[in-house]
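Structural overview
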Amino acid sequence: VVKTSKAKELPPNDPDWLYTRTASMVRKIYIRGGTGVGGFRKVYGGQFRRGTCTNVFCKSSGKIARYILQQLEEMGLVEQDENSGRNITKEGQRELDTVAVQAAEVGEEDED
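For the structure given in this document, a descriptive report is provided here. (Residues numbered from 1 in each chain as written. Predicted model: local features only at pLDDT ≥ 70, side-chain atom pairs only at ≥ 80, totals over all residues. Heavy atoms only, no water.)

**Structural notes on the pattern of salt bridges**
For the record, the criterion: We define a salt bridge as a side-chain nitrogen of Lys or Arg found within 4 Å of a carboxyl oxygen belonging to Asp or Glu. Numbered from the N terminus, helices here are DSSP runs of H or I no shorter than four residues, and strands are runs of E no shorter than two.
Within this structure, the stated rule accounts for one salt bridge. For Arg 86, the salt bridge is made with Glu 73, and the minimal N-O distance between the two is 2.4 Å. Taken as a pair, Arg 86 in strand 4 (residues 86–88) and Glu 73 in helix 3 (residues 62–75) lie far apart in primary sequence, 13 residues in all.

**Side note on the nonpolar core**
Going by this rule: The nonpolar core is taken to be a set of buried Ala, Val, Leu, Ile, Met, Phe, Trp, Tyr and Cys residues, with the residues joined through side-chain atoms within 4.5 Å. To sort residues, take the accessible area from a 1.4 Å probe on protein chains only and compare it with the maximum for the residue type: under 20% means buried, over 50% means exposed, and anything in between is partly exposed. Throughout, a contact is declared for two residues whenever any of their heavy atoms are within 4.5 Å.
Met 25, Ile 29, Phe 40, Leu 69 and Leu 72 are the most contacted members of the largest nonpolar core, which totals 15 residues. Put simply, the parts of the chain that give this core at least two residues each are helix 1 (17–31), helix 2 (37–43) and helix 3. Counting residues per element, this core draws most heavily on helix 3, at five residues. Apart from residues lying up to four places away in sequence, Met 25 is in contact with Phe 40, Tyr 44, Ala 65, Ile 68 and Leu 69.

**Quick word on helix 3**
An α-helical segment advances 3.6 residues per turn. Residues three or four places apart therefore align on the same side. The following threshold applies: For a helix, the expected span equals 1.5 Å multiplied by the residue count minus one. For this quantity, the arc is that covered by the directions from the helix axis to the C-beta atoms.
Compared with an ideal rise of 1.5 Å per residue, which puts 14 residues at 20 Å, helix 3 spans 20 Å between its outermost C-alpha atoms and is within 8% of the ideal. For helix 3, the full list of buried residues reads Gly 62, Ile 64, Ala 65, Ile 68, Leu 69 and Leu 72. Mapping the buried residues of helix 3 onto a view down its axis gives an arc of 165°, with all of them on the same face. Exposed residues on helix 3 whose side chains face more than 90 degrees from its buried face are Lys 63 and Glu 74. In this fold, the buried residues of helix 3 make contact with helix 1, helix 2, strand 3 (78–80) and strand 4. One or two steps after helix 3, the chain reaches Gly 76, where phi turns positive at roughly 90°.

Here is the structure:
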């Protein structure tokens, strides 16, 4: 049980939240490569409520983003960029394209 940000009071309710976050991060790397841990901390950050003080922005947990990126590298879907951040590999692009086609087919069947 782990919180996703210091701005959160409780951990996620969904037991599969890590898989959802992983899918979201792979999609973001697919769309816009070169994103690193710091970028994902900013993306998944949120409003930090400080009681009577004004609300301020707070970054999310870096450990979670780092762990997910390392797991994606082990799977071969993502590789480290020379400059900074991560980029999608050819194999990762192929995998995501096949998943997208499968999801589109399921969506078309539901409409009929």
